[in-house]
Amino acid sequence: MSMITERPVTGGAPGAGTPAEATRRRDVAALLRAYVALTKPRIVELLLISTVPTMMLADGGIPPLWLVAVVLVGGSLAAGAANALNCYIDRDIDQVMKRTKRRPLPTHTVAPRNALLFGLVLAAVSVTVMAVFTNWLATALTLAAIAYYDLVYTLWLKRTTWQNTFWGGICGSAPVLIGWVAVTGSLAPQAWGLFAVVFFWQLPHFYALAIKFKDDYARAGIPMLPVVASIRRVTAEIVVYTWLTVLASVLVWPLGMGPVYGVTVLAAGGMFIAEAHRLRRRGARGESVKPMRLFHWSITYLTIVFAAVAVDALL
């Protein structure tokens, strides 16, 4: 029998409940926010920026809205699952890094076992959604992306080699292939071209972030490139991969894209390259490189490129 038999007739607004009830509501809300945080929604949003335009290009217009919804839901769940499992695996290093020490596991808001189960359930639901509503290849790619991110990248590459970001880029580029396959049931040169754009883009994007949090990674014993190499080496690689990103986007142009896409990627690519060279010059002179400027611009660049893909598909 409940110890709380009635609400007080005085104090607080009508319907506000007792202080204990208010506390429970706050606790439930905080717990829900913690589980959402495990999925790293900002990363999920970034991944999905490339998916819908790719589906539009594959369809040659606007694909069935139910299919778009399925891929967005399935893709979001898959990315959230991979991120939640990443939080479970990385709980030992997250607690020593300033950038990650406020995540749900280091703060003990969510128990490790619960985070593991949460990630596995999301993975199972995402794969089931893709299997029921899309096709076997899209489903297989979805499952492979989750497994690669957590078992290959997080468990192995991230902790053992400075090339972790390069090889880890495979799973980050998978949403492009999944979106294309969900529409067509197969892969095509345009899909691989857009895959290359996202793949190469991830290196300058993430190297900029890794420069910012170099000390964090060093403290955790993670051999990110900025930890094991000089700033000159890192900024030189940023320039190389920025050029490769823009080159990949330009090479997609003759694969059936129109002038709107071409002009857009040339203009956005030129600005992206200029920003990378600015970072490189600062690094070469031993000045403060301000890597987050490139980091934020890289997000803008990717958004512009895939917005151009969408517009081109409609035209």
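Residues numbered from 1 in each chain as written. Predicted model: local features only at pLDDT ≥ 70, side-chain atom pairs only at ≥ 80, totals over all residues. Heavy atoms only, no water.

**A look at the environment of tryptophan 253**
Quick reminder of the rule: Only DSSP runs of H or I with at least four residues qualify as helices, and only runs of E with at least two residues qualify as strands; both kinds are numbered from the N terminus onward. Note on definitions: a residue-residue contact is assigned when non-hydrogen atoms from the two residues lie within 4.5 Å.
As for its position among the elements, tryptophan 253 is in the loop between α12 (231–252) and α13 (259–284). Linking tryptophan 253 and valine 265, residues 12 residues apart in sequence, is a C-alpha distance of 8.9 Å. Apart from residues no more than four positions distant in its own chain, tryptophan 253 is found in contact with Gly258, Pro259, Tyr261, Gly262, Val263 and Leu266.

**Quick word on the nonpolar core**
Worth spelling out the cut-off: The nonpolar core is taken to be a set of buried Ala, Val, Leu, Ile, Met, Phe, Trp, Tyr and Cys residues, with the residues joined through side-chain atoms within 4.5 Å. Three labels apply to residues, based on accessible area from a 1.4 Å probe with only protein chains included: buried if under 20% of the type maximum, exposed if over 50%, partly exposed otherwise in between.
Among the nonpolar cores identified, the biggest contains 66 residues, and Ile238, Tyr261, Tyr301 and Phe306 are the most heavily contacted of them. The dominant element in this core, judged by the number of residues it contributes, is helix α9 (residues 189–212), at 15 residues. Beyond its immediate sequence surroundings of up to four residues, isoleucine 238 is in contact with Pro204, Tyr207, Ala208, Ile211, Ala276, Leu279 and Leu294. Membership of the second largest hydrophobic core comes to 12 residues, among which are Leu67, Ala174, Ile178 and Val181.

**With respect to unusual backbone geometry**
The backbone of lysine 40 shows a phi angle near 50 degrees, a positive value even though the residue is not glycine. Mapped onto the elements of the fold, lysine 40 is located in the loop between α1 (19–38) and α2 (41–49). According to the relative accessible area criterion, lysine 40 is buried, its value standing at 12%.

**With respect to the environment of serine 230**
Tracing the sequence through the fold places serine 230 in the loop between α11 (225–228) and α12. As a C-alpha pair, serine 230 and glycine 283 span 53 residues in sequence and 9.2 Å in three-dimensional space.

**Digging into the packing of aromatic side chains**
Think of a pair of aromatic rings as described by two things: how far the centres are apart, and how the planes are tilted against each other in angle. Rules: Working definition: rings of Phe, Tyr and Trp (its six-membered ring) pair if their centres are within 6.5 Å, and the pair is stacked with planes under 30 degrees apart, edge-to-face with planes over 60 apart, and tilted otherwise. In this analysis the charged atom, NZ for Lys or CZ for Arg, is taken to sit over a ring once it is within 6 Å of the ring centre and within 35 degrees of the ring normal.
Throughout the structure, instances matching the rule amount to 11 aromatic pairs. Through pairs of rings, three or more aromatic residues link up here, namely Phe166, Trp167, Trp192, Phe195, Phe199, Phe200 and Tyr241. Stacked on the ring of phenylalanine 213, the Lys or Arg arginine 99 has its end atom at 5.2 Å from the ring centre. Note that arginine 233 overlies the ring of tryptophan 162, its terminal NZ or CZ placed 4.9 Å from the centroid.

**Some remarks on a nonpolar patch on the surface**
Defined as follows: What goes into a patch is any residue over 30% in relative accessible area without a salt bridge, connected to like charges within 9 Å or, for nonpolar side chains (Val, Leu, Ile, Met, Phe, Trp, Tyr), within 5 Å. For accessible areas, the Shrake-Rupley method is used with a probe of radius 1.4 Å. Any residue's cover is judged against the shown protein chains and nothing else. Salt bridge, as used here, is a side-chain nitrogen of Lys or Arg placed within 4 Å of a carboxyl oxygen of Asp or Glu.
On the surface, Ile62, Leu65 and Leu314 cluster together into a nonpolar patch covering about 350 Å² of accessible area. Within the secondary structure layout, isoleucine 62 lies in the loop between α3 (51–59) and α4 (65–89). A relative accessible area of 58% places isoleucine 62 in the exposed class.

**Some details on the pattern of salt bridges**
Between side chains of opposite charge, a pair can form as their charged atoms come close. Following the criterion strictly, the structure yields 8 salt bridges and no others. In this structure, aspartate 90 and lysine 158 form a salt bridge, with 2.6 Å as the shortest nitrogen-oxygen distance. In this pair, aspartate 90 is assigned in the loop between α4 and α5 (91–94) and lysine 158 in helix α7 (residues 136–160), connecting sequence segments 68 residues apart. Residue class for lysine 158 comes out buried when judged on its relative accessible area of 11%. With its nearest N and O atoms 2.6 Å apart, the salt bridge here joins glutamate 275 to arginine 278. Residue glutamate 275 and its partner arginine 278 are both found in helix α13; the two are separated by 3 residues, about one turn of the helix.

**A look at the packing of α2 against α3**
When two helices pack together, you describe them by how their axes are tilted relative to each other and by the distance separating the axes. To keep it simple, the criterion reads: Axes, fitted as lines to C-alpha atoms, cover a helix only where it is in contact. Angles between the N-to-C directions of the axes lie from 0 to 180 degrees. Here the angle decides the label: under 35 degrees means roughly parallel, over 145 means roughly antiparallel, 65 to 115 means roughly perpendicular, and every other value means oblique. Residue polarity is assigned by list, with Asp, Glu, Lys and Arg as charged and Ala, Val, Leu, Ile, Met, Phe, Trp, Tyr, Cys and Pro as nonpolar; anything else, Gly included, falls into the polar class.
For the pair α2 and α3, interaxial distance at closest approach is 4 Å and the crossing angle is 20 degrees. By the criterion of interaxial angle, the relationship of α2 to α3 is roughly parallel. Contact residues: α2 offers Leu47, Leu48 and Ile49, while α3 offers Thr51, Val52 and Pro53. Per-class residue counts for the contact of α2 with α3 are 5 nonpolar, 1 polar and no charged.

**Here we look at the packing of α9 against α12**
The cut-off we apply is this: Helix crossings fall into two classes, left-handed where the near helix is turned counterclockwise from the far one by less than a right angle and right-handed where it is turned clockwise.
In contact at an axis separation of 8 Å, α9 and α12 are set at 155 degrees when each is read in the N-to-C sense. Between α9 and α12, the interaxial angle falls into the category roughly antiparallel. Seen from above, α9 lies across α12 with left-handed handedness. Residue-level inspection shows Gly193, Leu194, Ala196, Val197, Phe200, Trp201, Leu203, Pro204, Tyr207, Ala208 and Ile211 of α9 in contact with α12, the latter providing Ile231, Val234, Glu237, Ile238, Tyr241, Thr242, Leu244, Thr245, Ala248, Ser249 and Val252.

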